[in-house]
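Listed below, chain by chain, are the residues.
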Amino acid sequence: MDFTRDALYQGRRLRTLNVIHDGIREGLAIEVDTNLPVARVARVLERLVSLRGTPKALRSDSGLEFLAEVYTDWCQAKGIEMRYIQPGKPDQNAYVKRFNCSYRQEVLDAYLFANLGEVRSISEHWLTVYSEQRPHEALGSSPRAVFRAKMRETKNSNYGLST
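Bear in mind the structure is a predicted one, so any value in this text is a computation, not a measurement.

Cut-offs and rules
Residues numbered from 1 in each chain as written. Predicted model: local features only at pLDDT ≥ 70, side-chain atom pairs only at ≥ 80, totals over all residues. Heavy atoms only, no water. Pairing = 2+ DSSP bridges. Helix = DSSP H or I, 4+ residues; strand = E, 2+ residues; numbered from the N terminus. Axes fitted to C-alpha atoms, helices over the stretch in contact; angles between N-to-C directions. Contact = heavy atoms within 4.5 Å. Core = buried A, V, L, I, M, F, W, Y, C linked by side-chain atoms within 4.5 Å. Buried < 20%, exposed > 50% of the residue type's maximum accessible area, 1.4 Å probe, protein only.

Outline the sheet that holds strand β3 (residues 26-33), listing residues and values.
Hydrogen bonds between backbone atoms are what pair the strands of a sheet, whose relative direction is either parallel or antiparallel. Taken in spatial order, the three strands line up as β1-β2-β3 in an open sheet, and their pairing is antiparallel. With partners counted over all chains shown, the strands left at the sheet margins are β1 (2-7) and β3, one partner each. Here the average twist between neighbouring strands, direction ignored, is 25 degrees. Pairing geometry for β1 and strand β2 (residues 13-21), over six bridges, is antiparallel. Bridge pairing in β2 links Thr-4 to Thr-16. Set on the sheet, helix α1 (residues 38-52) makes contact with β1, β2 and β3; between it and β3 the angle comes to about 150 degrees. Sitting on the sheet, helix α5 (residues 116-132) is in contact with β2 and β3, with an inclination near 175 degrees to β3.

Mind laying out the nonpolar core, listing which residues take part and the relevant values?
Ranked by internal contacts, the top residues of the largest apolar core, which has 20 residues, are Met-1, Leu-17, Val-19, Leu-45, Leu-58, Tyr-71 and Trp-74. Elements that contribute at least two residues to this core include exactly β2, β3, α1 and α3 (69-78). No other element matches α1, which puts seven residues into this core. Counting residues in each nonpolar core, the second largest holds 16 residues, with Leu-8, Val-96, Tyr-103 and Val-107 among its members.

Nothing here speaks to function; it is geometry throughout.
Here is the structure:
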């Protein structure tokens, strides 16, 4: 998980919470708003757990949202290990950093947004294409969704949100 920042055309700032599955580099969520407090982060993760199951671990930096009691209590209640990258070592969270780079180039820097609804709509479409249609070389040039389906067929026990 990681955050990105940008602004609407009028200058109003926005943030996105980007959540990916490290194993297959699938984008799981892009949450967009002007403010994303820790309670909102927990709600996004709860929604993902209800859709995908409980992950063994979540990797993030040690930003305030990921150190807050609401987040740490939520992880502990779910039995999820919190894996924090070392300060100044973004390469320890390289998959989400690469995802953020693609998202920034192809969405945030490619459009002038008038409102949050536009950001959400375009981000949702982009995430669907990224995860369901775009091939990934490390997955045998299969789209992430195809690879995920193959994993389910083989009942791979390592499948979860992120490790």
